Amino acid sequence: MAKSYPFRKVFGIGTKWRYSNGMGHFAYDYLTPMGTDVLAVRDGFIIDCHEGENPNSPGRNYSGEPSNWILLGYRNRLGQKRTVYYQHLSDHLVTKGQKVTAGQHIGNTGNSGNSTGPHCHIHAMKGWRTRYERYWNYKTAYRIYPPSLVWAKTS
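Worth saying up front: this structure is predicted, and the values here are computed from it rather than measured.

K.L.:
Tell me about the pattern of salt bridges, and please be specific about residues and values.
P.N.:
For the structure on display, the rule yields 1 salt bridge. Where Arg131 meets Asp48, a salt bridge forms, and the shortest distance between an N and an O atom there is 2.7 Å. Residue Arg131 is found in the loop between strand 9 (119-126) and strand 10 (143-144), and its partner Asp48 is found in strand 4 (residues 44-50); the two are separated by 83 residues along the sequence. Judged by its relative accessible area of 28%, Arg131 is partly exposed. On the basis of relative accessible area, Asp48 is assigned to the buried category, the value being 8%.

K.L.:
Let's hear about the packing of aromatic side chains: which residues, and what values?
P.N.:
One pass over the structure, following the stated rule, counts 2 aromatic pairs. For the ring pair Phe45 and Trp128, a centre distance of 5.0 Å and an interplane angle of 80 degrees mean the geometry is edge-to-face. Taken as a pair, Phe45 in strand 4 and Trp128 in the loop between strand 9 and strand 10 lie far apart in primary sequence, 83 residues in all. For Phe45, a relative accessible area of 25% gives the class partly exposed. With a relative accessible area of 30%, Trp128 lands in the partly exposed category.

K.L.:
Pulling in residues and values, what's your account of the pairing of strand 5 (residues 68-75)?
P.N.:
With 7 of its 8 residues buried, strand 5 lies for the most part within the structure. For strand 4 and strand 5, the ladder comprises 5 bridges, and the chain directions are antiparallel. Bridged to Phe45 within strand 5 is Gly73. Of the strand pairs in this sheet, strand 5 and strand 6 (residues 81-92) are connected by 8 bridges, and their pairing is antiparallel. Across the sheet, the residue bridging to Leu71 is Tyr85, located in strand 6. Count of turn residues in the strand 5/strand 6 antiparallel hairpin: 5 residues, of which Gly79 carries a positive phi of about 85 degrees.

Scoring rules and cut-offs
Residues numbered from 1 in each chain as written. Predicted model: local features only at pLDDT ≥ 70, side-chain atom pairs only at ≥ 80, totals over all residues. Heavy atoms only, no water. Salt bridge = Lys/Arg side-chain N within 4 Å of Asp/Glu carboxyl O. Helix = DSSP H or I, 4+ residues; strand = E, 2+ residues; numbered from the N terminus. Buried < 20%, exposed > 50% of the residue type's maximum accessible area, 1.4 Å probe, protein only. Phe/Tyr/Trp six-rings, centres within 6.5 Å; stacked < 30°, edge-to-face > 60°. Pairing = 2+ DSSP bridges.

Written out as structure tokens, the structure reads:
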């Protein structure tokens, strides 16, 4: 698997957990110290990314508060399009359209947006999603579980 040691500890697994507005979480949150490396889980390209928000948001007043994020597009072994969404970052090291390889350092964990502490929120969806579709993970038809179906096997 791509290197991500030692932070593969999940503190909020999404199928039963809910946001304060009642919507399902449908994602994985990996608790990390601030600034921990975020690695590409697959070879692919950066569909889109956003940076410039406070990496340690003091407010966290509402769901959907702007955060720093990355959308990574890849094709699975069957050639199907997939998107991995990384959120609550402090910053990222990639640009839209850039090609990346599994295990490449693409950003750093943070506490941006509506977050309760430094972590990496990650979820995978079917298709290549845009910045406007990055929250479509709430629809069962679009989400991909478990993470073992996402992480590249790099030996």
